[in-house]
Amino acid sequence: MSLLPYTAKVIIPTAVTDTALKSCTVAEPASGETEWNAATAYTVGQEAIRASLHKKYRRKVAGATATAPEDDATNWLEIGATNRWAQFDQKIGSRTTVPSGNITTVLEFGSIEGVALLDLRGESVTVTLKQTPGGSVAWTRSQNLDATPVQSVYDWMYGEYRQLYNVIWTDLPGQFPSGELTVTVAGNTSGAAIGALVAGRVHGIGLTEYGAGSGLLNWGKVVDDGFGNREWIEGGYANRVTLPLVIEKSDMTRVKRVLTAIRSTPSVYVAGCMPEYDSLNCYGVYRDLYITIPHYGFVTCNLEIDGLNED
């Protein structure tokens, strides 16, 4: 066990399968979604879903075809997950949404030590872990999603509302292999939404040093028509985080093994528990890992993490 107070942690996601998802208040097909039908003559741009695959498709060529969309790239384009499964699609820009009311998702998929709820919309979120399905509550926590800064009476009366988008907990008891996890996002006047629900095991990976930073990868571009007329074309973006870490030398091998195992697995990297440093938390994949031994007793590690794409 490390003697350093490891503030940096990583939540390694447990895959959500049809068996693991016990229930969700968002139906499939959801309102506005239609199951694909081989006999239907679709127009260009019309959408259909395949509930068995939890995916949405858009028609590229008008007409009716007997081949399922997942096997017909000529006529259909896959455009993402269904509304119910968007919270599990490893993307930040897509959301599971309802226009009013709450979203409640119940999962049963083994030991859980951390939960990250990202790109939220709503009034509050509550997470409850039961020891067994329908059993005793082992852990529960709630968080108000109103992040409006109030520094004066004017702010309290007229300040612009700000939504708290991300909530992360890494202190769930992981000793319940048959635990039941329930996540409820209570809607506000705009309904409720969740961009990513990530839950799994938590590993300490070091002590976050000063010098950590957060930025953006921006895929927008300036287009020039050749006559000096330039315009900005907005594109997607993603977070980029730099995490300089200090690790005990005796723990170097374990940390490297953990990070090596998830080199291609989108995971939630948590720089620390203080809410003001939320921008240093990132759901993504690191693209560079380098460990050095500057002096006796400790090693340093630098992680460059690229976040998942946002629309």
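The following refers to the structure shown. (Residues numbered from 1 in each chain as written. Predicted model: local features only at pLDDT ≥ 70, side-chain atom pairs only at ≥ 80, totals over all residues. Heavy atoms only, no water.)

## Notes on the environment of Ala212
Right, so step 1: Within the secondary structure, Ala212 is located in the loop between strand E14 (196–208) and strand E15 (213–218).
Right, so step 2: Exposure remark for Ala212: the relative accessible area of 25% places this residue in the partly exposed category.
Right, so step 3: Through-space distance from the C-alpha of Ala212 to that of Tyr277 is 9.9 Å; in sequence the pair is 65 residues apart.
Right, so step 4: If we skip the residues at most four places from it in the chain, Ala212 touches Thr242, Leu243, Pro244 and Leu280. (Helix = DSSP H or I, 4+ residues; strand = E, 2+ residues; numbered from the N terminus. Buried < 20%, exposed > 50% of the residue type's maximum accessible area, 1.4 Å probe, protein only. Contact = heavy atoms within 4.5 Å.)

## Here's the deal with the packing of aromatic side chains
Right, so step 1: If you walk through the whole model with that rule in mind, you get 3 aromatic pairs.
Right, so step 2: Consider the rings of Tyr42 and Trp76, whose centres lie 4.9 Å apart with planes at 75°: the pair is edge-to-face. With Tyr42 in the loop between strand E2 (21–24) and strand E3 (47–50) and Trp76 in strand E5 (residues 76–81), the pair connects residues that are 34 residues apart, well separated along the chain.
Right, so step 3: Exposure remark for Tyr42: the relative accessible area of 5% places this residue in the buried category.
Right, so step 4: Looking at Trp76, the relative accessible area reads 3%, which means it is buried.
Right, so step 5: Judged by centre distance (5.7 Å) and plane angle (70°), the ring pair of Trp139 and Trp169 falls under edge-to-face. Here Trp139 is found in strand E10 (residues 137–144), whereas its partner Trp169 is found in strand E11 (residues 167–169), with 30 residues between them in sequence.
Right, so step 6: On the basis of relative accessible area, Trp139 is assigned to the buried category, the value being 9%. (Phe/Tyr/Trp six-rings, centres within 6.5 Å; stacked < 30°, edge-to-face > 60°.)

## Things to note about the pairing of strand E8 (residues 114–118)
Right, so step 1: With 5 of 5 residues buried, E8 lies mostly within the body of the structure.
Right, so step 2: The alternating pattern of E8 places Gly114, Ala116 and Leu118 and Val115 and Leu117 on opposite faces, both of which are buried.
Right, so step 3: Inspection of the sheet shows E8 paired to E14 by 5 bridges, in the antiparallel sense. Within E14, the residue paired with Leu118 across the bridge is Ala196.
Right, so step 4: With 3 bridges joining them, E8 and E11 adopt antiparallel strand pairing. (Pairing = 2+ DSSP bridges.)

## Side note on the pattern of salt bridges
Right, so step 1: Scanning the entire structure with this criterion turns up 12 salt bridges.
Right, so step 2: Across the pair Lys55 and Glu78 runs a salt bridge whose closest N-O atoms are separated by 3.7 Å. One end of the pair, Lys55, is in strand E4 (residues 55–59); the other, Glu78, is in strand E5, with 23 residues separating them in the sequence.
Right, so step 3: The salt bridge partner of Asp251 is Arg254, with a shortest N-O separation of 2.8 Å.
Right, so step 4: The exposure class assigned to Asp251 is buried, which follows from its relative accessible area of 12%.
Right, so step 5: Salt bridges here are not isolated pairs; linked through shared partners, they connect Arg240, Arg287, Glu304 and Asp306. (Salt bridge = Lys/Arg side-chain N within 4 Å of Asp/Glu carboxyl O.)

## A look at the state of the cysteines
Right, so step 1: Under the criterion given, the structure shown has 0 disulfides.
Right, so step 2: Of all cysteine sulfurs, the one in Cys301 lies closest to Cys282, which takes part in no disulfide; the gap is 15 Å.
Right, so step 3: On the basis of relative accessibility, which here comes to 2%, the residue Cys282 falls in the buried class. (Disulfide = S-S within 2.5 Å.)

## A short note on the sheet that holds strand E7 (residues 103–107)
Right, so step 1: Strand order in this open sheet of 5 strands is E2-E7-E12-E9-E10, and the pairing throughout is antiparallel. One side of each edge strand has no neighbouring strand; the edge strands of this open sheet are E2 and E10. Going across the sheet, the axis of each strand differs from the next one's by a mean of 10°, ignoring polarity. (Axes fitted to C-alpha atoms, helices over the stretch in contact; angles between N-to-C directions.)

What is shown is where atoms sit, not what they do.
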